[in-house]
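Residue-level structural notes
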Amino acid sequence: MAISKSYTEKSSENETFMAISPADFFYRNRDIAGFNNPTRAIYSALRELVENSLDACELYGIPPKILLRLSFRPGENGEMMGSTYLLKIMDNGSGIPQEYIPSAFGQILFGSKYKLRQVRGTFGLGGKMAILYGQITTNSTARILSSLGKREIYEFNLRIDIQNNKPEILGRRVLENKNHWRGTIVEFALDGDYPRAMPKILEYLKQTAMVNPYAEITFIDPKGRLYRFESVTLKMPEPPKEVLPHPYGCDVETIRRIINLTTCHNMLRFMSTHFHRVGKKTSKRFLDYASIDSTLNPQKLSSDEIVRIVQKMKSYTGFLPPDASCLSPLGTELLEAGIMKELEPEFVYIEQRNPSAYSGFPFIIEVGVAYGGNTPSNSNFTLYRFANKIPLLYDEASDVSRRILNEKKDWKRYKIRPDMPIAFFIHVCSTKVPYKTVGKEYIADRPELEKEIRNGVNSVSRRLSRFLSKQINIEHERRRLNLFKLYLPKIAQFSTDLLPRKRKVPDVNPLLDSLRRSYEENA
Amino acid sequence: MPRKQSIKTRKQQTVKTLEALGTKIYSEIVHKQFPSIDIPSRSTSNIHYEEASRHYVIGDKSVNRSSRNIRHIRPFTQLVWTASFAHTLCKSKKTSTLRDVFYSAQAFDIHFKDQKESDHIITDLEAALDLSREDFNVFPEERSQIFGDLTIEYTVPGYQGKQVNLTMHPDGLAIGPALTTAELIKTKANKVIVIEKGAMFTRLIEEQAYRKFKAILVHTAGQPPRATRRLVRRLNTELNLPVYVFCDADPWGMAIAITIICGSANAAHLKDLATPEAKWMGLYSSDIPKYKLPSNKLSNIDIKRLQDMMKDPRCKEKPWRPQIEHFLKQKRKCELEAFSRYGLDYVVTTYLPEKLM
């Protein structure tokens, strides 16, 4: 005991305590955001920037046109460095007001995405992590150009001050915007392993094109190869609306923040003003249920009362479920167009499930199935996972959708075999996708989500089953006819051989014609 | 001599029947109809044991094999091909074997999965035309032999009119296509002894038993092929010779005797195969203790077979039933060769004289 005590005292004396900035935290823990090795890092960087660009276009209803270019960065003496690349992305999105540009790209956890609506990014982290990663691996700066479509284009040259989580502006220029260009360009250098990341990157772009059929994405890789994903439609999903937090999804901190901001002087107004789908009546009933005086000033709530409100919010059954206006699912038509474009299947069917909610967060599941064409066949179906229009490529085995496919044992009933060229598409849209990690790669098992995915899979499988039955019939009829085509002429020949005198072989075409007619009638 | 014409007229009849089938199919196609053939059903429900005639007969039910039916088209084509092949064989007076048919089909791009399938189609054709495959000049691989004082006259090309006495060769003569299609001319024998085992057949020749008993000897080599069964019947009906069947004392030997005497369910669609007048003369189960023959224990399979035979309608009466029961009680079996224990001539000097009395 004595020894251990003195040891503890000694070590506490020597220990230095310090606070670290968010930038510093993510610098130290970059693996949790998907930047753990050169292959993964280059994929993650490219992906974060593409997603930011898509969001920037989509929130304003602009069909995205994105140009991506990855090139070798020549070293200081002009020689080619094997592992250092220059990544440049240009979009035609809304553009960023000049006063926000430095923070938007140089301050971690700064952004426009801390609201309750469906967007791809959620943490205000990804794009900056990419820049941060570039900075620490190549010691270079990021160049940002952005314009709102007015007369000026603003150009910034900046780096992230990691210890203070602040942008450090090294240069700023204002350019003339002759062509009224609107959008953003980001360019920076980073280390990576493109040859190894290439398959994932191409797969990512292909799947992105699948769920964003209205987007045009062009990618030029370091060897100068051009990959172009054309848009097939100009129709875009309704942009999501911002919504208030739903009581089911609130915690103590959320309530505290709202109290700090509110101008309401009593709890009745407070409840009906700041929460999603809570009106006067519901507010009153809830406050009675939680034994909170409805005339009480929210500022006067005690800590215990706040905790009680949060607890009662979770147990109260009278709240209306969150509505889905804050969501922007693709819709069956667009998803189908995307899948047709990338896989050209013989059969595709998409189903959008009714909105539902988990822990106060609304969600919509879109489930699709494709068969044949360029649909890859492997031993256990191909699974395309999407969340808020982002393809999820890593950790498929841990994902709830893969588990559902694996657990489903009655494929035989659907005339489906796992080794057929069949792909399932699971798109989860939510204000808060229940990712298991910051890396946004796989979705946790939430019972509400699981139920919708499972029902969706069953439903689209039934459609596929119907299609397959029909296919099998057509195939059968074709094979049948082929058998008759093979054998009837032989029967004619042999029966002629059997005759006592030589005769001409009779024509079997009238018989074949009658078969064809009856098959056509059946079909 | 009317008897001498039996083979020749039968052949002519066969050709006509085959041609009639061809004409029917041909004219159906010409009239834009899908040709079809009625075949007597060979399912167990359509095969009955006829007590009066003491053999299996086929019932009235028939199946229609139609070229309109996807499941029938292939066997139908095979059937018509087999008919045309048989027609060619008969016209050119050539013979063929079951195996040969299986391979010949490939030259016409008619595929049989295996010989079993082609054998089956031949059986269909037999049933459909009420003829046997020997009529079509299709024979199984011959392994049976015959020996004895019987003069035959060949009808096969090259030997037409040639007469042969079957004592000519001491190993016996194979019962092949030529012998099967030969006319039976004359004999000095007064009985036929049918033997399961080659060793016993040879023994009886060597001991000159055929002379002593005035017998024609037939070696079945296990279950007798149909040609052998038909020949035995012809010896019985055409030459009025009594027939005795001599097999091992076990269920399999008994089955050989039963097949010769009562016919088999497999060939119920064919007449003229069974010889109901033939007599089973041994070995009986009861002969084992009676002659103190060396014996072996019955195997489980033997016992199973005997139990099945208890249910067989052919075995309801004497001599079968008491012997089956005796077997099951005694649980011993014995082969014809067991007589060797008493010396090489014991069968001829003791057993057969007693049995043939």
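Thresholds, definitions, all that
Residues numbered from 1 in each chain as written. Chains lettered and ligands numbered in written order. Predicted model: local features only at pLDDT ≥ 70, side-chain atom pairs only at ≥ 80, totals over all residues. Helix = DSSP H or I, 4+ residues; strand = E, 2+ residues; numbered from the N terminus. Contact = placed C-beta atoms within 7 Å. Buried ≥ 20, exposed ≤ 12 C-beta atoms within 10 Å, placed from the backbone. Pairing = 2+ DSSP bridges. Axes fitted to C-alpha atoms, helices over the stretch in contact; angles between N-to-C directions. Arc of directions from axis to C-beta. Core = buried A, V, L, I, M, F, W, Y, C linked by C-beta atoms within 7 Å. Parallel < 35°, antiparallel > 145°, perpendicular 65-115°, else oblique. Nonpolar A, V, L, I, M, F, W, Y, C, P; charged D, E, K, R; others polar. pLDDT = per-residue confidence, 0-100. Expected span 1.5 Å × (residues − 1). Left-handed = near helix turned anticlockwise from the far one by under 90°.

Turning next to the overall build of chain A. Secondary structure summary: chain A contains 14 helices and 14 strands in total. If you take every contact in chain A between residues at least 6 apart in sequence, the share linking residues at least 24 apart comes to 73%.

Let's shift gears to the overall build of chain B. The helix and strand tally for chain B stands at 13 helices and 17 strands. Sorting the 357 residues of chain B into buried and exposed places 44% on the buried side.

On to the sheet that holds strand E14 (residues 243–246) of chain B. Residue and element names in this part refer to chain B. Strands sit in the order E10-E7-E13-E12-E14-E15 across an open sheet of six strands; the sheet is mixed. Each having just a single partner strand, strand E10 (173–174) and strand E15 (279–282) make up the two edges of the open sheet. Where strand E7 (residues 145–147) meets E10, two bridges bridge the pair, whose relative direction is antiparallel. Residue pairing in the sheet places Gln 145 in a bridge with Ala 174 of E10. Relative to strand E13 (residues 215–219), helix H6 (residues 198–206) is tilted by about 155 degrees, and along the sheet it contacts E7, strand E12 (191–195) and E13.

Right, let's get into the sheet that holds strand E11 (residues 183–187) of chain B. Residue and element names in this part refer to chain B. Taken in spatial order, the three strands of this open sheet run E9-E8-E11, and their pairing is antiparallel. In this open sheet, the two strands that pair with only one neighbour each are strand E9 (163–165) and E11. Geometrically, the sheet is characterised by an average inter-axis angle of 25 degrees between neighbouring strands, direction not taken into account. Pairing geometry for strand E8 (residues 150–153) and E9, over three bridges, is antiparallel. Directly across from Thr 151, in E9, lies its bridge partner Asn 165.

Time to look at helix H13 (residues 346–356) of chain B. Residues and elements named next belong to chain B. Looking only at H13, the buried set comprises Val 347, Tyr 351 and Leu 352. The arc that holds the buried residues of H13, viewed along the axis, is 90 degrees, so those residues lie on one side. Of the exposed residues in H13, those oriented more than 90 degrees away from the buried face are Pro 353 and Glu 354. Of the surrounding secondary structure, the elements contacted by the buried residues of H13 are H6 and helix H7 (209–212).

Attention shifts here to the pairing of strand E5 (residues 166–176) of chain A. Two strands pair when backbone bridges link them, and strand E4 (residues 152–161) of chain A and E5(A) are joined in this way by ten bridges, in the antiparallel orientation. Along E5(A), the bridge assignment pairs A:Glu152 with A:Glu176.

This next bit is on the nonpolar core. Among the nonpolar cores identified, the biggest contains 109 residues, and B:Val192, B:Val194, B:Ile216, B:Leu217 and B:Val245 are the most heavily contacted of them. By residue number, the principal contributor to this core is helix H2 (residues 73–91) of chain B, which donates ten residues. Once residues within four sequence positions are removed from consideration, B:Ile216 is found in contact with B:Ile146, B:Gly148, B:Leu150, B:Thr187, B:Ala189, B:Val192, B:Leu235 and B:Leu241. Grouped together as the second largest cluster of nonpolar side chains are 105 residues, A:Phe35, A:Ala142, A:Tyr154 and A:Val433 included.

Each regular strand shows side chains that alternate between the opposite faces of the sheet. Residue and element names in this part refer to chain B. Residues Val 243 and Val 245 point to one face of E14 and Tyr 244 and Phe 246 to the other, with burial holding for every one of them. Bridge analysis of E12 against E14 gives four bridges, and the strand direction is parallel. Residue pairing across strands places Ile 193 opposite Tyr 244, the latter belonging to E14. Bridge analysis of E14 against E15 gives three bridges, and the strand direction is parallel. Bridging from a neighbouring strand, Val 245 pairs with Trp 280 of E15.

What follows deals with the packing of helix H6 (residues 194–211) of chain A against helix H11 (residues 332–343) of chain A. Residues and elements named next belong to chain A. H11 packs onto H6 with a crossing angle of 140 degrees between their chain directions and a minimal axis gap of 6 Å. If you check the angle between H6 and H11, you find them oblique. Within the contact between the two elements, H6 uses Lys 206, Ala 209, Met 210 and Val 211 and H11 uses Leu 335, Gly 338, Ile 339, Lys 341 and Glu 342. Along the lines of polarity and charge, the residues of the contact of H6 with H11 split into five nonpolar, one polar and three charged.

Next up on the list: the confidence of the model for chain B. Should pLDDT be low for a region, the predicted coordinates there are not to be read in detail. For chain B, the average pLDDT comes to 87, and 98% of its residues sit at 70 or higher. Model confidence for the complex is summarised by a pTM of 0.60, with the ipTM given as 0.77.

Residues and elements named next belong to chain B. In this model helix H9 (residues 251–262) runs 15 Å from its N-terminal to its C-terminal C-alpha over twelve residues, within 8% of the 16 Å that 1.5 Å per residue would give. Most of H9 is tucked away, with eleven of its twelve residues classed as buried. Residues of H9 that are buried: Pro 251, Gly 253, Met 254, Ala 255, Ile 256, Ala 257, Ile 258, Thr 259, Ile 260, Ile 261 and Cys 262. Positioned one or two residues after H9, Gly 263 has a phi angle of 80 degrees, which is positive.

Here the focus is the environment of B:Lys297. Residue and element names in this part refer to chain B. In this fold, Lys 297 is placed in strand E16 (residues 296–297). By C-beta crowding, Lys 297 is classed as exposed, having 8 other C-beta atoms within 10 Å. Placed 36 residues apart in sequence, Lys 297 and Lys 333 show a C-alpha to C-alpha distance of 6.2 Å.

Below, the discussion takes up the interface of chain A and chain B. Contacts between the two partners involve 19 residues from chain A and, on the opposite side, 23 residues from chain B. The element that contributes the greatest number of residues to the side of chain A that touches chain B is helix H13 (residues 447–498) of chain A, accounting for 13 residues. For the side of chain A that touches chain B, a count of residues per class yields 14 nonpolar, two polar and three charged.

Moving on: the packing of H13(A) against H2(B). Running from N to C, H13(A) and H2(B) point in directions that differ by 25 degrees, and their axes come no closer than 9 Å. Classified by the angle their axes make, H13(A) and H2(B) are roughly parallel. Helix-helix and strand crossings are classified by hand; for H13(A) and H2(B) the assignment is left-handed. Along its contact with H13(A), which presents A:Leu483, A:Phe484, A:Tyr487, A:Lys490, A:Ile491, A:Phe494, A:Ser495, A:Asp497 and A:Leu498, the element H2(B) presents B:Ile73, B:Arg74, B:Phe76, B:Thr77, B:Val80, B:Trp81, B:Ala83, B:Ser84 and B:His87. Per-class residue counts for the contact of H13(A) with H2(B) are eleven nonpolar, four polar and three charged.

The linkage connecting B:Gly282 with the following residue, B:Leu283, adopts the cis geometry, with an omega of -10 degrees. On the secondary structure map, B:Leu283 appears in the loop between E15 and helix H10 (287–290). We note that A:Glu344 has phi near 45 degrees; this positive angle belongs to a residue other than glycine. Assignment of secondary structure puts A:Glu344 in the loop between H11 and strand E9 (347–352). Under the C-beta neighbour-count criterion, A:Glu344 is labelled partly exposed, with 13 such atoms within 10 Å. In the Ramachandran plot, B:Asn240 falls in the positive-phi region, its phi being about 55 degrees despite a non-glycine side chain. Among the structural elements, B:Asn240 can be located in the loop between helix H8 (226–237) and E14.

All names here are of chain B. With respect to the element layout, Leu 356 can be found in helix H13. Sequence-wise, Leu 356 and Met 281 are 75 residues apart; in three dimensions their C-alpha atoms are separated by 7.9 Å. Residues in contact with Leu 356, not counting those within four places in the same chain, are Phe 213 and Tyr 244.

Residue and element names in this part refer to chain A. Residues of chain A with pLDDT of at least 70 account for 92%, and the chain-wide mean is 86. Across chain A, element-level confidence peaks in strand E7 (residues 216–220) with a mean pLDDT of 96 and bottoms out in helix H1 (residues 2–14) with 50. Long-range and interchain partners of residues 1–8, a stretch whose pLDDT sits below 50, account for zero contacts in this model, where long-range means more than four residues apart.

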